[in-house]
Amino acid sequence: MGFVEGGGDKGGCFIGGMKSLVRRKQVDSANSKSSSAAGSSHQLAKALTIPHLITIGVGSTIGAGVYILVGTVAREHSGPALTISFLIAGIAAALSAFCYAELASRCPSAGSAYHYSYICVGEGVAWLIGWALVLEYTIGGSAVARGISPNLAMLFGSPDSLPFFLARYTIPGLNLTVDPCAAILVFLVTGLLCVGIKESAVVQGFVTSVNVCVMAFVIVAGGYLGYKAGWPGYELPVGYFPYGVNGMLAGASTVFFAYIGFDSVASTAEEVKNPQRDLPMGIGFALSICCSLYMLVSAVIVGLVPYYAMDPDTPISSAFASHGINWAAYVITIGACTSLCSTLMGSIMPQPRILMAMARDGLLPAFFSDVNKRTQVPVKGTVATGLLAGTLAFFMNVEQLSGMVSVGTLLAFTMVAISVLILRYVPPVEVPLPSSLQEAIDSVSLRRSGCSSSSDIDVENTKIPTVTSDDSTPLLGEISSGHPLVEKAASRLSYLVRQRRKVAGWTIMFTCIGVCIVTSAASIVSLSNPARYALSGIGGFLLLSGLIVLTCIDQDDGRHSFGHTGGFICPFVPLLPIACILINVYLLINLGGATWARVSAWLVIGACIYALYGRTHSSLNSAVYVPATHVDEIYQTSAHSLTC
């Protein structure tokens, strides 16, 4: 039966250390959920439904950036074709959303991309993804909070109109600008998140509704003004694509980051009442609403004012002002403030749940895994997150670090797409179980061994059925199972079945390598043309070959029993996940060397923490690995022994 005990080498040797990087934890299932619930005193509250998830997704996605992106991207890249840029970016984001929807419904636990990577790829990659997400949400929350006070001041008349206890001021001699308003807002949001997930979702829904109403005002009022004025932004001699198709695609790459945030829905998976149904619908509806609003707002604004005349800082309010509606600036500012507050909640909410998931797995101290008995929220992790984000927002201008947020998100998107490929073609054949189930494991092992011995005896005495024609004349005489031809054919078939998984695994790896080569050749401008063509040819060959091979071979039957069944199934596999990987890696490479230098330093720190603490404290160190097909029987045996 092949039970393997121990997930890691406690001796700390090199081979054991390498094995710990690729060990995978157990996929969620009804049995594992009930077992973990029985062994844990407090669980997260099952309180969220589809409306809650939609408000979380829309609120986390639509930030104040859209009020600025419209002008910047239209002037520099897309022109009047900005609407198509938003559509293309929305389709690209939908590729990741499809992958998230399948994994979230199959594995509805806290942790999001970290959790999926741990199940499908391995502990080392999962740690880096979780560590990158911690950076993303911390920096993202601080940057968002830092942007609220200038917009809030505009409601009072000028950038310097805030009360003295909220206004920014510079500390003499240190050249340090502190922002009390940003820190206070972070602490307020942290307190709200500690009250309960449902209460937080209701408040975020209200704030998001105000923002959506402001965008609806822009669409309706702007549409009326454009109709009266004859849409001057579209009546241009340069046409609809002044920068060509390349400019439109460059604009799509820029506005793609306006869709980041829907993955916050997946981080609340463990708190959803019906995750198999609600999570895919929540992600899908949230992304559809965001895409529709973006396209409508951009279509109206680029029609009100010619793209070259747009104000890059305040494109929407200046567009209304050019048609005599100066008071619209206050409405737009309210929308910007509410969108930033909603995004702030969406940035802080996921991080405690990721910290909790990592602590549950032993990779972080158990402090972060505590769930408050009354509110059913990871209060300690939420407070720690709020204190860190609030301190950064108070002391630091983190705008120069905002690119690091995109790295964390795109790494997570890429790993989720790879996880879908692994789920379909090479799902785990062995899974770890806690050592507390050792008695049930031994019982099933003995039972299986006895059944295997009996079946071996039966097979030896079994004849292969004969194939006959209509007159019952044997075409092939009876052949004993011991016949060398039959044994050779059976051996060959078994070999091919085993090799199919190896072929699929290697194909996925070489496809990812091909994606990296192609995107690097397309992005590195310092390469000579011959080198670029050569790299593009090699990468393209690996990419297309991988796509063809994965399309031709069968997907693994184990995918049907992977985690919870009955949820969303990602379509067009392997094409859709591979396209998702290609887009995300291209965007990652183009984020710039300075951003990657900062992220690399953070990841090195994370790798040291994992080597010194996470690897030795991992819950998989004492795990017992068993065949995935026997897990349900082991849990049933354990439950039966407890009731007897």
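What you are looking at is a predicted structure, and each value in this text was computed from that prediction instead of being measured.

Quick look at the nonpolar core
Within soluble globular proteins, side chains that are nonpolar tend to cluster in buried spots.
Thinking step 1. Among the nonpolar cores identified, the biggest contains 156 residues, and Tyr67, Tyr100, Tyr294, Ile301 and Leu344 are the most heavily contacted of them.
Thinking step 2. Here this core takes 15 residues from helix H17 (residues 403-425), the largest share from any one element.
Thinking step 3. Residues lining this core come from more than one domain, with at least three contributed by each of domain 1 (48-426) and domain 2 (498-550).
Thinking step 4. Those residues in contact with tyrosine 294 that sit more than four places away from it in its chain are Thr61, Ile62, Gly63, Val66, Phe86, Met215, Ala258 and Tyr259.
Thinking step 5. Among the nonpolar cores identified, the runner-up in size contains 11 residues, and Ala440, Val444, Val626 and Ile634 belong to it.

Things to note about the confidence of the model for the protein
Thinking step 1. When pLDDT is averaged along the protein, the result is 85, and 87% of the positions lie at 70 or above.
Thinking step 2. Here residues 1-12 is a poorly scored stretch, pLDDT under 50, and it has 35 contacts once near neighbours within four places are set aside; other chains count.
Thinking step 3. For residues 456-481, every residue scores under 50 in pLDDT, and the model assigns this stretch 21 contacts once sequence neighbours within four places are set aside.

With respect to the environment of arginine 24
Thinking step 1. Residue position: arginine 24 is located in the loop between helix H1 (14-22) and helix H2 (30-38).
Thinking step 2. Look at arginine 24 and you get partly exposed, because its relative accessible area is 22%.

Section: unusual backbone geometry
Thinking step 1. For the bond running from valine 573 to proline 574, omega is 15°, close enough to zero to count as cis.
Thinking step 2. The backbone phi angle of tryptophan 231 is positive, close to 50°, even though this residue is not glycine.
Thinking step 3. Here tryptophan 231 lies in the loop between helix H9 (197-229) and helix H10 (244-255).
Thinking step 4. Using a relative accessible area of 26% as the deciding quantity, one classes tryptophan 231 as partly exposed.
Thinking step 5. We note that glutamine 376 has phi near 55°; this positive angle belongs to a residue other than glycine.
Thinking step 6. By secondary structure assignment, the location of glutamine 376 is in the loop between helix H15 (350-360) and helix H16 (379-395).
Thinking step 7. In this structure glutamine 376 comes out as partly exposed when scored by relative accessible area, which is 32%.

Section: the packing of aromatic side chains
Thinking step 1. By the definition in use, this model includes 22 aromatic pairs.
Thinking step 2. With 5.9 Å between their ring centres and 80° between their planes, phenylalanine 256 and phenylalanine 257 make a pair best called edge-to-face.
Thinking step 3. By relative accessible area, phenylalanine 256 is classed as buried at 3%.
Thinking step 4. You can call phenylalanine 257 partly exposed: its relative accessible area is 25%.
Thinking step 5. Aromatic side chains phenylalanine 367 and phenylalanine 368 sit 5.2 Å apart centroid to centroid with 85° between the ring planes, which places their arrangement in the edge-to-face category.
Thinking step 6. Taking the relative accessible area as the measure of exposure, phenylalanine 368 reaches 18% and is therefore buried.
Thinking step 7. One aromatic cluster is present, formed by Tyr100, Tyr116, Phe262 and Phe413 through successive ring pairs.

Thoughts on the packing of helix H8 (residues 180-195) against helix H14 (residues 328-348)
Thinking step 1. One way to put it is that H8 packs onto H14 with a least axis distance of 10 Å and a crossing angle of 60°. Taken together, H8 and H14 sit at an angle that is classed as oblique. Considering how the two elements wind past one another, H8 and H14 form a crossing that is right-handed. Here Leu185, Val186, Val189, Thr190, Leu192 and Leu193 of H8 lie close against H14, whose contacting residues are Leu344, Met345 and Ile348.
Thinking step 2. Among the residues making up the contact of H8 with H14, the classes are represented as eight nonpolar, one polar and no charged.

Side note on the packing of helix H3 (residues 50-61) against H9
Thinking step 1. Where H3 contacts H9, the two axes come as close as 8 Å, and the packing angle between them is 55°. By the angle between their directions, the pair H3 and H9 is classed as oblique. H3 and H9 meet at a crossing whose hand is left-handed. In this structure, H3 contributes His52, Thr55, Ile56, Val58, Gly59 and Ser60 to the contact, and H9 contributes Lys198, Ala201, Val202, Gln204, Gly205, Thr208 and Val212.

Overview of H16
Thinking step 1. With 17 residues, H16 should reach 24 Å at 1.5 Å per residue; the first-to-last C-alpha distance of 24 Å fits that figure.
Thinking step 2. Among the residues of H16, those classed as buried are Gly381, Thr382, Thr385, Gly386, Ala389, Gly390, Leu392 and Ala393. Buried residues of H16 fall within an arc of 160° about the axis and therefore sit on the same side.
Thinking step 3. Elements that come into contact with the buried residues of H16 comprise helix H7 (123-155), H8, H14 and H15.

Some remarks on the pattern of salt bridges
Thinking step 1. Tallied over the full model, the rule gives 12 salt bridges.
Thinking step 2. Between lysine 380 and aspartate 370 there is a salt bridge, with its nearest N and O atoms 2.8 Å apart. Note that lysine 380 is positioned in helix H16 and aspartate 370 in the loop between H15 and H16, a separation of 10 residues in sequence.
Thinking step 3. By relative accessible area, which is 33% here, aspartate 370 ends up partly exposed.
Thinking step 4. Salt-bridge contacts for aspartate 556 lead to arginine 500; the nearest nitrogen and oxygen are separated by 2.6 Å.

A few points about a nonpolar patch on the surface
Thinking step 1. Residues Leu155, Phe156, Trp327, Tyr330 and Ile334 make up a contiguous nonpolar surface patch of roughly 530 Å² in combined accessible area.
Thinking step 2. Positionally, tyrosine 330 belongs in helix H14.
Thinking step 3. For tyrosine 330, a relative accessible area of 48% corresponds to the partly exposed category.

Description of the environment of tryptophan 596
Thinking step 1. Looking at the secondary structure, you find tryptophan 596 in helix H22 (residues 593-617).
Thinking step 2. Given a relative accessible area of 26%, tryptophan 596 falls into the partly exposed group.
Thinking step 3. Between the C-alpha atom of tryptophan 596 and that of methionine 404, which follows or precedes it by 192 residues, the distance is 7.7 Å.
Thinking step 4. Once residues lying within four places of it in the same chain are set aside, the contact partners of tryptophan 596 are Val407, Leu588, Ile589 and Leu591.
Thinking step 5. Separated by 2.8 Å, the side chain of tryptophan 596 and the backbone oxygen of leucine 588 make a polar contact.

Rules used in this analysis
- Residues numbered from 1 in each chain as written.
- Predicted model: local features only at pLDDT ≥ 70, side-chain atom pairs only at ≥ 80, totals over all residues.
- Heavy atoms only, no water.
- Core = buried A, V, L, I, M, F, W, Y, C linked by side-chain atoms within 4.5 Å.
- Buried < 20%, exposed > 50% of the residue type's maximum accessible area, 1.4 Å probe, protein only.
- Helix = DSSP H or I, 4+ residues; strand = E, 2+ residues; numbered from the N terminus.
- Domains from an automatic or database assignment.
- Contact = heavy atoms within 4.5 Å.
- pLDDT = per-residue confidence, 0-100.
- Phe/Tyr/Trp six-rings, centres within 6.5 Å; stacked < 30°, edge-to-face > 60°.
- Axes fitted to C-alpha atoms, helices over the stretch in contact; angles between N-to-C directions.
- Parallel < 35°, antiparallel > 145°, perpendicular 65-115°, else oblique.
- Left-handed = near helix turned anticlockwise from the far one by under 90°.
- Nonpolar A, V, L, I, M, F, W, Y, C, P; charged D, E, K, R; others polar.
- Expected span 1.5 Å × (residues − 1).
- Arc of directions from axis to C-beta.
- Salt bridge = Lys/Arg side-chain N within 4 Å of Asp/Glu carboxyl O.
- Patch = residues over 30% accessible without salt bridge, like charges linked within 9 Å, V, L, I, M, F, W, Y side chains within 5 Å.
- Areas by Shrake-Rupley, 256 points an atom, 1.4 Å probe, with all protein chains shown as cover.
- Polar contact = N/O pair within 3.5 Å; in protein donor to acceptor, adjacent residues only side chain to side chain.

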